[in-house]
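# Remarks on the overall topology
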Amino acid sequence: MCTAQVSSQKENIERSRIEVHYQSKSGATCCKDRDYESFIKSICDEVIASRLHPRTSILVSVIERHDDGCLLPCAVNATVTALIDAGIPMNFLAAAAMCAVDEDGQITIDPNRDAVEASVATVTVVLDSKNRQLLAAKTSGSLSSKTLNKCISDLTDSCTDIFVAYKSLLTNNVYEG
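Residues numbered from 1 in each chain as written. Predicted model: local features only at pLDDT ≥ 70, side-chain atom pairs only at ≥ 80, totals over all residues. Heavy atoms only, no water.

### Here we look at the pairing of strand S3 (residues 56-63)
Bridging between strand S2 (residues 17-23) and S3 involves seven bridges; their strand directions are parallel. Pairing of Arg 17 across the sheet is with Ser 57, part of S3. With helix H1 (residues 31-47) bridging S2 and its parallel neighbour S3, the resulting β-α-β unit is left-handed. (Pairing = 2+ DSSP bridges. Helix = DSSP H or I, 4+ residues; strand = E, 2+ residues; numbered from the N terminus. Right-handed = clockwise from strand over helix to strand, strands pointing away.)

Below, the structure is given as structure tokens:
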């Protein structure tokens, strides 16, 4: 993650330019990588207080090292943690969580890779820390609206746990600083 001066053709006089680059473990670029980049960028656009630093560029580089199932929420949470660590001004924090739904309708929060591959649907949600409102959601597979609402409710609780971890991280950084 870095901030840098922006070239004049990409410069925005009202806000920072935010770029996100995602690289999969294989190193080869595919549609999934671009999809992840777009998803993470949309979160960064909401989270980062970009109007505080016009004519600058914030580059977020996410490199996959290991996929144990919850890759996208891990990437979102790692990005937010990196923004905190870099001291980038933010409007609020964001937390992401994922669940998998199996054929019997059982919901598994923070599933491993096997559970994701065996699932009929997955749901990823991102919440803001200010109002605990849904910032973004991504689903794959087919599920009923009742199951989707149950997933969102369960994932809201998981995101709350992540916000507690962020608070601990911030508290420890301030006192150890």
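### Some remarks on the environment of Ala 100
Along the polypeptide, Ala 100 turns up in strand S4 (residues 94-101). Distance from Ala 100 to Arg 34, taken between C-alpha atoms, is 22 Å for residues 66 residues apart in sequence. Contact partners of Ala 100, with chain neighbours within four places excluded, come to Gln 106, Ile 107, Thr 108, Pro 111, Ala 115, Val 116, Ser 119, Ala 121 and Thr 122. (Contact = heavy atoms within 4.5 Å.)

### Overview of the packing of aromatic side chains
Per the counting criterion, the structure on display carries two aromatic pairs. Ring geometry for Tyr 22 and Tyr 36: centres 5.3 Å apart, planes at 80 degrees, overall edge-to-face. One end of the pair, Tyr 22, is in strand S2; the other, Tyr 36, is in helix H1, with 14 residues separating them in the sequence. Overall, Tyr 22 belongs to the buried group, its relative accessible area being 5%. (Phe/Tyr/Trp six-rings, centres within 6.5 Å; stacked < 30°, edge-to-face > 60°. Buried < 20%, exposed > 50% of the residue type's maximum accessible area, 1.4 Å probe, protein only.)

### So, unusual backbone geometry
Even without being a glycine, Asp 110 presents a positive backbone phi close to 50 degrees. For Asp 110, the location among the structural elements is in the loop between strand S5 (107-109) and helix H3 (113-118). On the accessibility criterion, Asp 110 (58% relative accessible area) is exposed. The residue Arg 132 is not glycine, and still its phi comes out positive at about 55 degrees. Relative to the assigned elements, Arg 132 resides in the loop between strand S6 (121-128) and strand S7 (134-141).

### As for the confidence of the model for the protein
Put simply, the protein has an average pLDDT of 89, and 91% of its residues get 70 or more. Within the protein, no element has a lower average pLDDT than strand S1 (residues 2-5), which sits at 53, and none a higher one than S4, at 97. (pLDDT = per-residue confidence, 0-100.)

### Let's talk about helix H2 (residues 71-86)
In a regular helix each residue adds 1.5 Å, so 16 residues correspond to 22 Å; H2 covers 22 Å between its end C-alpha atoms and thus fits that length. Along H2, the positions that sit buried rather than exposed are Leu 71, Leu 72, Pro 73, Ala 75, Val 76, Asn 77, Thr 79, Val 80, Leu 83 and Ile 84. Residue Gly 87 follows H2 closely and has a positive phi angle near 75 degrees. (Expected span 1.5 Å × (residues − 1).)

### Overview of the environment of Asp 33
Within the fold, Asp 33 resides in helix H1. For Asp 33, a relative accessible area of 1% gives the class buried. Taking C-alpha positions, Asp 33 is 20 Å from Cys 99, a pair spaced 66 residues apart along the chain. If we ignore the near neighbours within four places in the chain, the residues touching Asp 33 are Tyr 22, Ser 24 and Ala 28. A polar side-chain atom of Asp 33 sits 3.5 Å from a polar atom in the side chain of Ser 24. (Polar contact = N/O pair within 3.5 Å; in protein donor to acceptor, adjacent residues only side chain to side chain.)

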